[in-house]
Structures are given as structure tokens and as C-alpha cells.
Amino acid sequence: MTSGTWSDSIPGVGTFFVGIDVAPGRYRCDDGKGGWWVRFTGPGGGDPVGSWPLPAGPTEIEIARTDFAFETHVSTYWRRIAPPRAPEDGSPAEARPVADPALRAELDTIVARRKPLLWLTPLTVLGLGLVGSPFLGSLWLLGLGMLAVLVALGTPSVSLDLRRARELERRRDRYLTPEDLDDEGRAMLARVQAAVDAVRDSEVNREGLLDAVDNAVTLPRQEWEIAQVLEKQSKLRADHTGLESAAVLPEVEQALRPLRAKLDISVEAVTRRVEALERYADRAREADEVLRAQRHLEAIAEKAHEYDELLADTVRDDLALPAIERLTDQSDELLRTLRDRLTKATEAANELPPHP
């Protein structure tokens, strides 16, 4: 995991939470031979799908916005090559989990502290083998040696993943899932994330023409702060609905009106903030169009010399026309001469006396 924002790459080994550790989208691994991956789809990751063993050569996967987590075990790494696909039915994208940007680095630090302890497990197994070998023979040592190798290969990654998951659960107040919001909150969060994705995945941002460093810090912070407000609004809307349903006296209804007004003011304020993000995303899209137009013009400019050469050739063609016309005139004169001679030959043949 990285601090501040998502990275465009995923390490080859580990379990990563979508929307918290990694961004959704299409990823490519240059060589996943013998490895495997699992996407935990559905609410809470209850519907895993995966592939094992991976063939030699490149492998691509699509991590969806609605995926819960992604587990990988390959010798190289995954790099993001495209943003997530838009829904096929044209419906707006669904909201995904969002976390405090500082949480990723915090979890990495905690997990890193556990690495030395994890390597004690295979050493303990190997130590038992050495102690027991004088009594149980060399096969005992060989067997435990193989077990130590398997534990060394599997224990660190699995234990670190479990540790990360436990620490993440303990910090439940540091991230939100779509289930924490009501329908209105989820729709608003989806708009925020669509705007953030549009800026982040724009060509001008990837090429550093926007302030990529500021985007890497500011956009995740904006997303997290808005999500926190949306969660509070969702809870207050639910509470307000319950209070309204129980209100039977005019005095109670009157007491609820200023609360509703304050909630409406909060909704209007966060809506303005979301609309500002969407305007920024629109500007990034427009900048992409300008960038593509500029590249198109540059491609045209690169072809210009070919047109200049064509024009030069055309001028030479025009200069060559008189010479060609002279040849044509000479050909016509020759043709007329031949016809005259053929005519005279025919007349001469006609003047011959008839054959006896």
C-alpha cells in the first residue's frame, strides 16, 4: 500500500482492499507463470473468483469498482493500464469504499513491524528438527526441513495479510463502505469518485501537465472528507424520518422544522463541493481534448514536408509539360507522315496492272 493515494501498481504478493489499498481498473502482469489471483466480489467479498495456475507470459484482470479485495501471488507485479469500465447499461457507477488517506501508510508501518517475528516460525520448526534428529533419524530432519521451507514461503505473506485485515477492522472509523450511506449519500459519493477518477485518469494529469502532486494529496482528502459528511447526513436523515413518523402533535412537527432546515443547508453545501469537483473533472476532460487536438496538429505538421515534396514534384511536372507536348507533336507529325506514305503505297498498288 502507498500513502496519500493509490499507486498505479500492485505488489505481486498480498491482499489489497479495493478503494482503500488499490484503485479499480484494468491491470496487467507481464509474467504470472505458476501464480494465481483471487477477486473477492460482492458485499464483504463473499463471492470470490480466481484463476490458478496462471500461464506464462502477460495476464490481464479487471478489478471492478464493486470488488471488496484483490489477492495476488505472482513473481512480478501488476500495473494499472486502464480505468474501470463504465456500466454496460449506461447507469451511473456505484460508490466504492473510501478511507482516510493516512490509513494506508499507517497499516504498512504496523505490518512492517511484524515481519521479523513472522520469520521466527520457520526457524522454530527447523530448530525442532535439529533437536529431534539424534533420536528420530535423518528422515525426521528432512521432513521438518521441507515443512520449514513451506512455512517460510507461505507464513509471511498470509500472516501479514491477516494482520493487515485485523488492523483495518480495528480502525473501522477510518474508512467507510457504501453500506454506511443511504441511497442519497451513495449517489453523491459515486459522483465524487467519478470526478476524482476523471481527473486522476486524464492524460494531462498522467503526463504531469496538471499539478499531479497536489492532485495526489488533495483529491483523496476531498473524497474522504465528503464521505464523512455524507455518512453523518445519512444517519441524520434516517433519524429525522423516524422522528417525523412518530410526530403526532403540531408542536413536535414545528420542533423538527429547524433540524430539517439545518440538514438541508448541509446537503446544499456538500453538493456545491461535489459540483466544484465535477467542474474540475470537466476541465480535465476539456484539457484532454485540447491535448489530443495538439497532438493531431503535430502529426499533421510532421506530414507537412511530404506535402511540400509533393508540391515540388508537381512544379517539376508543370515544367516538364512543354517537353512532353513537343514529343506528342513529334509523334503526331510522325503519324501523319506514316499515314501519307501508306496512302501513297496503296495508290501505287492500285496502279499495278492486274495479275494475268
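Up top is the structure these notes are about.
Residues numbered from 1 in each chain as written. Predicted model: local features only at pLDDT ≥ 70, side-chain atom pairs only at ≥ 80, totals over all residues. Heavy atoms only, no water.

Caption draft 1: Main features of the overall build of the chain. Scanning the chain from terminus to terminus reveals seven helices and eight strands. Taking as baseline every contact in the chain between residues at least 6 positions apart, the subset at least 24 positions apart corresponds to 76%. Entry remark: accessible area of the chain is about 21800 Å², with carbon and sulfur atoms responsible for 60%. (Helix = DSSP H or I, 4+ residues; strand = E, 2+ residues; numbered from the N terminus. Contact = heavy atoms within 4.5 Å. Areas by Shrake-Rupley, 256 points an atom, 1.4 Å probe, with all protein chains shown as cover.)

Caption draft 2: Structural context of the nonpolar core. Within the largest apolar cluster, 22 residues are counted, with the highest numbers of intra-cluster contacts made by Val98, Leu189, Val192, Ile226, Leu230 and Leu277. Residue assignment for this core shows that the elements contributing at least two residues are helix H4 (183-200), helix H6 (212-246) and helix H7 (250-350). The element that contributes the greatest number of residues to this core is H4, accounting for eight residues. With residues near it in sequence (within four places) discarded, Leu230 still touches Leu181, Gly185, Met188, Leu189 and Val270. (Core = buried A, V, L, I, M, F, W, Y, C linked by side-chain atoms within 4.5 Å. Buried < 20%, exposed > 50% of the residue type's maximum accessible area, 1.4 Å probe, protein only.)

Caption draft 3: View of unusual backbone geometry. For the peptide bond that leads from Trp52 to Pro53, omega is -15°, which places it in the cis range. By the element assignment, Pro53 lies in the loop between strand E4 (47-51) and strand E5 (59-63).

Caption draft 4: Quick look at the packing of aromatic side chains. By the definition in use, this model includes two aromatic pairs. Ring geometry for Phe70 versus Trp78: centroids 5.8 Å apart, planes at 85°, classification edge-to-face. Trp78 carries the same exposure label as Phe70, and that label is buried. (Phe/Tyr/Trp six-rings, centres within 6.5 Å; stacked < 30°, edge-to-face > 60°.)

Caption draft 5: The arrangement of empty space enclosed by the protein in detail. The tally for this structure, following the rule as stated, stands at one cavity of 30 Å³ or more. In terms of lining, the largest cavity is formed by Arg65, Ala93, Glu94, Arg96, Ala190, Gln193, Ala194 and Asp197. Here the residues of the lining of the largest cavity are counted per class, giving three nonpolar, one polar and four charged. (1 Å grid on protein atoms, 1.4 Å probe; cavity = no way out; pocket = protein on both sides within 12 Å on 5 of 7 lines; lining within 4 Å. Points joined across faces, edges and corners; volume = space filled by probe spheres on them. Nonpolar A, V, L, I, M, F, W, Y, C, P; charged D, E, K, R; others polar.)

Caption draft 6: Examining the side chain of Asp100 more closely. Secondary-structure assignment places Asp100 in the loop between strand E7 (98-99) and helix H1 (102-118). A relative accessible area of 11% places Asp100 in the buried class. A polar contact of 3.4 Å, which involves the side chain of Asp100, links it to the side chain of Arg221. Residues in contact with Asp100, not counting those within four places in the same chain, are Arg174, Arg221 and Trp224. (Polar contact = N/O pair within 3.5 Å; in protein donor to acceptor, adjacent residues only side chain to side chain.)

Caption draft 7: Main features of the pairing of strand E3 (residues 36-41). Examined bridge by bridge, E3 and strand E6 (residues 69-82) share five bridges and lie antiparallel to one another. Across the sheet, residue Arg39 finds its bridge partner in E6, namely Phe70. Judged from the five bridges that link them, E3 and E4 form a sheet pairing that is antiparallel. Across the sheet, residue Phe40 finds its bridge partner in E4, namely Pro48. (Pairing = 2+ DSSP bridges.)

Caption draft 8: The arrangement of the pattern of salt bridges in detail. For the coordinates displayed, the defined rule picks out 23 salt bridges. Of the charged contacts, one joins Arg79 and Asp30 as a salt bridge, the two residues approaching to 3.7 Å between their closest N and O atoms. With Arg79 in strand E6 and Asp30 in the loop between strand E2 (25-29) and E3, this pair connects stretches of sequence that are 49 residues apart. Classification of Asp30 as partly exposed rests on a relative accessible area of 40%. Ionic pairing is found between Arg191 and Glu278, a salt bridge with its closest N-O pair at 2.8 Å. With a gap of 87 residues between them, Arg191 in helix H4 and Glu278 in helix H7 connect regions that are remote in the sequence. A relative accessible area of 31% means that Arg191 is categorised as partly exposed. Through salt bridges with shared partners, one network takes in Arg26, Arg28, Asp30, Glu60, Glu62 and Arg79. (Salt bridge = Lys/Arg side-chain N within 4 Å of Asp/Glu carboxyl O.)

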